[in-house]
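Listed here are the chains, written in short residue letters.
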Amino acid sequence: MTTLVAGVDTSTQSCTVVIRDADTGALVRHGRAAHPDGTEVDPAAWERALQTALAAAGGLDDVAAVAVGGQQHGMVCLDEGGNVVRDALLWNDTRSAQDAADLVAEVGAQQFADAVGSMPVASFTVTKLRWLARNEKDNAAATAAVCLPHDWLTWRLRSGLGAAPGELTELITDRSDASGTGYWSGVTNEYRLDLLERGLGRSDVTLPRVLGPAEQAGTAATGQVLGPGAGDNAAAALGLGAVPGDVVVSIGTSGVACAVSAVPTADPTGTIAGFASATGEHLPLVCTLNAARVLDSTAALLGVDHDRLAELALNGPAGAGGLVLVPYLEGERTPNRPDATGSLHGLTLGTAHREHLARAAVEGLLCGLADAVDALEELGVPVQRVFLVGGGARSAAVQAIAPAVLGRPVVVPAPGEYVADGAARQAAWVLGGSAEPPVWEPAGTVVREADPTPAVRARYAEVRDLTAARV
């Protein structure tokens, strides 16, 4: 008899549910529901979306275990009765940027990195709590518990979707999501209450109990075993089957390079966030602002669709004849240049062609991500192969050019719901009780290799720091 497990991805934009065979990982059914727009959301909207997505996926009656993955960071505040104090602030809400800077100034960059593996930025929970304490004193005073989006949904599954809130002591999280709060260490596996107090002004609040990667988080009100869940990048790495030596490069609205690593990192520059993985190791991560939208904007400029943009890029010469696009179209996070603009270098009569610009756009995008991979390696993270995922990774040009620019074999899995798949794999792991997660063979994976093109990276490096700041 087939045993089924469910994985949930509660992302910024939507909730996705996959139901998979616990032994093979084969997809049985799935469902999806939208989340409201904005950077400030009532968590009840996530619960309604989960109910809708579960119904679309055929429900949980025949499902043995469930786990929830989802957007990291954010801030969900609950009062003593388990009621939401105010709308949740999401990771992409930047109102606490000054609070992040203040915390670093007070604690020290190296001290913060040593304490929790990361330098806090506006997405981190601790900075949002600092903002709350400064600007909404009544809400801060009413806060009896603080949790994250995936913690909250796991708690609601325990209480029963649509039911009254459960006990605050039943809040559960995992290492990967806890490591994005700014007050939990993936090295010591302990909360840093002194840093929590720096944020909220006090530490007498209930925090979720942090479970190991295969520990049970209790039982859902409907009878399923619950996994501890994971942050989105950690869940995606689990869904892809990434192991130490693998880097997952995601080309979405933002670009992400993260690696499963046995070695923790503590980067005081803030380039690398020292998160934890969903498998008991660490997940150092570098984020760039400019990724798939570089392709979007170049296609719009040339008046073509993405398939035609890829054709043009592949018809252009390697190195685009010396034409280089530094794609800081929205400023940049890595390197930290929020006011930078994009720039085009090497425009001549010989390079003023559509093929050259298309090629320069793809190479510039990939060079920025290659810099992110280099940053991981410079801190001692081993890099042997690269998983290429996300909407931008569907480009034939990106897939073909990536191995040459990144200088390593590139694994391109079939498009899928990697976060939800990782949550489902965790659910199967928890259910089975084994020491390692089940082996699920991915379908449709392609491995691409090419000779490295160091000249492309070198030319990019020559002009990367010539980008102009806005005035």
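Please refer to the structure placed before this passage.
Bear in mind the structure is a predicted one, so any value in this text is a computation, not a measurement.

### Description of the overall build of the chain
So, step 1. In terms of regular secondary structure, the chain is built from 15 helices and 23 strands.
So, step 2. Here the C-alpha atoms of the chain give a radius of gyration of 22 Å, agreeing with the 23 Å that 2.2 N^0.38 yields for 471 residues.
So, step 3. Dimensions of the chain, computed from the C-alpha atoms along their principal axes, are close to 70 × 55 × 40 Å.
So, step 4. In the chain, the share of contacts with a sequence separation of at least 24, taken over all contacts with a separation of at least 6, comes to 72%.
So, step 5. For the chain, the exposed surface amounts to about 18,100 Å²; the carbon and sulfur share of it is 51%.

### Here's the deal with the pattern of salt bridges
So, step 1. Under the criterion given, the structure shown has 24 salt bridges.
So, step 2. One salt bridge connects Glu 40 with Arg 86, and the closest N-O pair in it is separated by 2.8 Å. Of the two residues, Glu 40 sits in strand 4 (residues 40-41) while Arg 86 sits in the loop between strand 6 (76-78) and strand 7 (88-89), which places them 46 residues apart along the sequence.
So, step 3. When its relative accessible area of 32% is taken as the criterion, Glu 40 is described as partly exposed.
So, step 4. Given the relative accessible area of 11%, Arg 86 is considered buried.
So, step 5. Shared partners join several salt bridges into a network, and the residues in it are Arg 337, Asp 371, Asp 374, Arg 457, Arg 464 and Asp 465.

### Structural notes on the pairing of strand 18 (residues 282-288)
So, step 1. Counting buried residues in strand 18 gives seven out of seven residues, a clear majority hidden from the surface.
So, step 2. Burial along strand 18 is two-sided: His 282, Pro 284, Val 286 and Thr 288 and Leu 283, Leu 285 and Cys 287, pointing in opposite directions, are all buried.
So, step 3. In this sheet, strand 18 lies alongside strand 16 (residues 255-259) in antiparallel orientation, the contact comprising four bridges. Looking at strand 18, one finds that Val 256 is bridged to Cys 287.
So, step 4. Note: strand 17 (residues 273-276) against strand 18, four bridges, orientation antiparallel. Bridging across to strand 18, Ala 276 finds its partner in His 282.
So, step 5. The turn linking strand 17 back onto strand 18 is made up of five residues, and Gly 280 within it adopts a positive phi angle of 100°.

### Details of the environment of Gly 229
So, step 1. Among the structural elements, Gly 229 can be located in the loop between strand 13 (225-226) and strand 14 (230-231).
So, step 2. In this structure the C-alpha to C-alpha distance between Gly 229 and Ala 217, which are twelve residues apart in sequence, comes to 8.7 Å.
So, step 3. Beyond its immediate stretch of four places on either side in the chain, Gly 229 contacts Ala 67, Val 68, His 150, Asp 174 and Gln 426.

### Examining the packing of helix 11 (residues 306-315) against helix 12 (residues 354-378)
So, step 1. One way to put it is that helix 11 packs onto helix 12 with a least axis distance of 7 Å and a crossing angle of 100°. Taken together, the axes of helix 11 and helix 12 lie roughly perpendicular to each other. Taken together, the residues of helix 12 that come into contact with helix 11 (itself represented by Leu 309, Leu 312, Ala 313, Leu 314 and Asn 315) are Arg 354, Glu 355, Ala 358, Arg 359 and Val 362.
So, step 2. Grouping the constituent residues of the contact of helix 11 with helix 12 by class yields six nonpolar, one polar and three charged.

### Quick look at helix 9 (residues 232-240)
So, step 1. Taking burial as the measure, the nine residues of helix 9 include seven buried ones, the bulk of the element.
So, step 2. If you check which residues of helix 9 are buried, you get Asn 233, Ala 234, Ala 235, Ala 236, Ala 237, Leu 238 and Leu 240.

### A closer look at the nonpolar core
So, step 1. Ranked by internal contacts, the top residues of the largest apolar core, which has 55 residues, are Val 247, Val 249, Ile 251, Val 362, Leu 376 and Leu 388.
So, step 2. Ranked by residue count, the leading element in this core is helix 12, at 14 residues.
So, step 3. Grouped together as the second largest cluster of nonpolar side chains are 45 residues, Cys 77, Ala 115, Leu 200 and Val 260 included.

### Looking at the packing of aromatic side chains
So, step 1. Under the counting rule described, the total for this entry stands at three aromatic pairs.
So, step 2. Centroid distance Trp 46 to Trp 152: 6.4 Å. Interplanar angle 75°. Geometry classified as edge-to-face. Placement of Trp 46 in helix 1 (residues 43-56) and of Trp 152 in helix 6 (residues 149-159) is noted, with a sequence separation of 106 residues between them. Accessibility classification places Trp 46 together with Trp 152 in one group, the buried group.
So, step 3. Consider the rings of Phe 124 and Phe 275, whose centres lie 6.0 Å apart with planes at 40°: the pair is tilted. One end of the pair, Phe 124, is in the loop between helix 3 (109-116) and helix 4 (125-135); the other, Phe 275, is in strand 17, and 151 residues separate them in sequence.
So, step 4. Given a relative accessible area of 2%, Phe 124 falls into the buried group.

### Digging into the packing of helix 4 against helix 8 (residues 193-200)
So, step 1. Relative to each other, helix 4 and helix 8 sit at 40°, their axes nearing to 6 Å. It follows from the interaxial angle that helix 4 and helix 8 lie oblique. Contact with helix 4, carried on its side by Val 126, Leu 129, Arg 130, Leu 132 and Ala 133, involves Leu 195, Leu 196, Arg 198, Gly 199 and Leu 200 of helix 8 and no other residues of that element.
So, step 2. Residue composition of the contact of helix 4 with helix 8, grouped by class: seven nonpolar, one polar and two charged.

### Details of the sheet that holds strand 23 (residues 446-448)
So, step 1. The sheet built from seven strands is open, its strands ordered 17-18-16-15-21-22-23 with mixed pairing. Of all strands in the sheet, those with a lone pairing partner are strand 17 and strand 23, marking the two edges. When strand polarity is set aside, the average angle formed by the axes of neighbouring strands in this sheet is 25°.

### Some thoughts on helix 14 (residues 418-432)
So, step 1. Taking 1.5 Å of rise per residue, 15 residues should cover 21 Å, and helix 14 covers 21 Å from first to last C-alpha, within 8% of that figure.
So, step 2. Across the 15 residues of helix 14, 13 count as buried, placing the element largely inside the fold.
So, step 3. Immediately beyond the C-terminal end of helix 14, within one or two residues, lies Gly 433, with a positive phi of roughly 70°.

What counts, and at which threshold
Residues numbered from 1 in each chain as written. Predicted model: local features only at pLDDT ≥ 70, side-chain atom pairs only at ≥ 80, totals over all residues. Heavy atoms only, no water. Helix = DSSP H or I, 4+ residues; strand = E, 2+ residues; numbered from the N terminus. Rg over C-alpha atoms; globule rule 2.2 N^0.38 Å. Contact = heavy atoms within 4.5 Å. Areas by Shrake-Rupley, 256 points an atom, 1.4 Å probe, with all protein chains shown as cover. Salt bridge = Lys/Arg side-chain N within 4 Å of Asp/Glu carboxyl O. Buried < 20%, exposed > 50% of the residue type's maximum accessible area, 1.4 Å probe, protein only. Pairing = 2+ DSSP bridges. Axes fitted to C-alpha atoms, helices over the stretch in contact; angles between N-to-C directions. Parallel < 35°, antiparallel > 145°, perpendicular 65-115°, else oblique. Nonpolar A, V, L, I, M, F, W, Y, C, P; charged D, E, K, R; others polar. Core = buried A, V, L, I, M, F, W, Y, C linked by side-chain atoms within 4.5 Å. Phe/Tyr/Trp six-rings, centres within 6.5 Å; stacked < 30°, edge-to-face > 60°. Expected span 1.5 Å × (residues − 1).

Take it as geometry only, folks, not as evidence of what the structure does.
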